[in-house]
Amino acid sequence: METIYSSPFFGFTLTLIMFSLGRIISRKIKLPFLNEMIIASILTISVLLIFDIPYDEFIRSVAPLQFMIIPATIALAYGVYEQLIYVKKFLIPIIVGSIVGSIVSIGTIYVLARLFEMPQMLTSSLVPKSVTTAIAIELSTLLGGMPSVTILAVIFTGFTGVILGPLLIKTAKIKDPVVIGLSYGISSHVIGTAKAFEYGKVEGAMSGIAIFFTGIATVIVALLIF
């Protein structure tokens, strides 16, 4: 078994297989909490625990996928380009929404950190929770946080948005594709954007552009506060 998981292709292959299974299950059982990424994460963690595979070995073998985080995020720009007319028309709401969303996200962490007397390192690690991983890791390091905790917070935030997003949108009876897209992008970064694209191209594009502005706003607000 050690020979298998020590292979540089182990983590890469396992991740792709689990994501494919997650997508199949998600398409057959259409429930908000059965998102393909959530299922893939649970299945992957289960395999690591059952076969007692060292986390460090797994991380080392998924390096090619980690490298693809930044170009994959940049690739969202194509969807934005296709819907550029919406970006131009709603540029002010997009910018204002991203700034307000960043302030609310960081403000919530700041208030809770003070209320529960959380260590500064943990607070700094949680501040970038609502931005894409590439930005979150760099901002966490800059603020003196732990990137590993930040990654966990980013993933948890994304999954929460994917699970609760459809319920909130349905409850609030939101129909506007721009509002739906911005909501996912501002609150749930790339994971939310993947969900937004399920609604339509406009929603996905708005979510993608929201990631960009939210990332910039979060960095500026975080550096001003901390």
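Now for a look at the structure at hand. (Residues numbered from 1 in each chain as written. Predicted model: local features only at pLDDT ≥ 70, side-chain atom pairs only at ≥ 80, totals over all residues. Heavy atoms only, no water.)

1. Topic: the layout of surface pockets
Logical step 1: Computed from the structure, the second largest pocket encloses a volume of approximately 430 Å³.
Logical step 2: Around the second largest pocket sit 20 residues that line it, and Thr160, Gly161, Leu168, Ser187 and Ser188 are the ones nearest its centre.
Logical step 3: For the lining of the second largest pocket, the elements supplying multiple residues, two or more each, are α12 (147–171) and α13 (177–199).
Logical step 4: Take the lining of the second largest pocket: its biggest share by element is 9 residues, from α12. (1 Å grid on protein atoms, 1.4 Å probe; cavity = no way out; pocket = protein on both sides within 12 Å on 5 of 7 lines; lining within 4 Å. Points joined across faces, edges and corners; volume = space filled by probe spheres on them. Helix = DSSP H or I, 4+ residues; strand = E, 2+ residues; numbered from the N terminus.)

2. Digging into the environment of Leu152
Logical step 1: With respect to the helices and strands, the residue Leu152 is situated in helix α12.
Logical step 2: The exposure class of Leu152 is exposed, given its relative accessible area of 61%.
Logical step 3: For the pair formed by Leu152 and Leu142, sequence separation is 10 residues and the distance between their alpha carbons is 17 Å. (Buried < 20%, exposed > 50% of the residue type's maximum accessible area, 1.4 Å probe, protein only.)

3. Observations concerning the pattern of salt bridges
In a structure, side chains of opposite charge can pair up when their charged atoms sit close to one another.
Logical step 1: In the structure shown here, the tally under the stated rule is 2 salt bridges.
Logical step 2: Measuring nitrogen to oxygen at the nearest pair gives 3.8 Å for the salt bridge that ties Arg23 to Glu36. In this pair, Arg23 is assigned in helix α2 (residues 10–28) and Glu36 in helix α3 (residues 36–50), connecting sequence segments 13 residues apart.
Logical step 3: On the accessibility criterion, Glu36 (10% relative accessible area) is buried. (Salt bridge = Lys/Arg side-chain N within 4 Å of Asp/Glu carboxyl O.)

4. Quick look at the side chain of Thr193
Logical step 1: Position of Thr193 relative to the elements: it lies in helix α13.
Logical step 2: Residue contacts for Thr193: discarding those within four places in its chain leaves Leu76, Gly185, Gly204, Ser207, Gly208 and Ile211. (Contact = heavy atoms within 4.5 Å.)

5. Things to note about the packing of aromatic side chains
To describe a pair of aromatic rings, one takes the distance between the centres and the angle between the planes.
Logical step 1: For the structure on display, the rule yields 3 aromatic pairs.
Logical step 2: A ring pair is formed by Tyr86 and Phe90, whose centres lie 6.5 Å apart and whose planes are at 15°; its orientation type is stacked.
Logical step 3: For the pair Tyr184 and Tyr199, a centre-to-centre distance of 5.7 Å together with 45° between the ring planes defines the contact as tilted.
Logical step 4: A relative accessible area of 33% places Tyr199 in the partly exposed class. (Phe/Tyr/Trp six-rings, centres within 6.5 Å; stacked < 30°, edge-to-face > 60°.)

6. What to know about α13
Logical step 1: Relative to the 33 Å expected for 23 residues at 1.5 Å per residue, α13 spans just 8 Å between its end C-alpha atoms, considerably shorter than the ideal helical length.
Logical step 2: Where α13 bends most, at Ser188, the angle is about 145°.
Logical step 3: At the N-terminal end of α13, a side-chain oxygen is found 2.8 Å from the backbone nitrogen of Val178, two or three residues along, and the residue is Asp176. (Expected span 1.5 Å × (residues − 1). Bend = angle between axes of the 7 residues up to and from the residue. Polar contact = N/O pair within 3.5 Å; in protein donor to acceptor, adjacent residues only side chain to side chain.)

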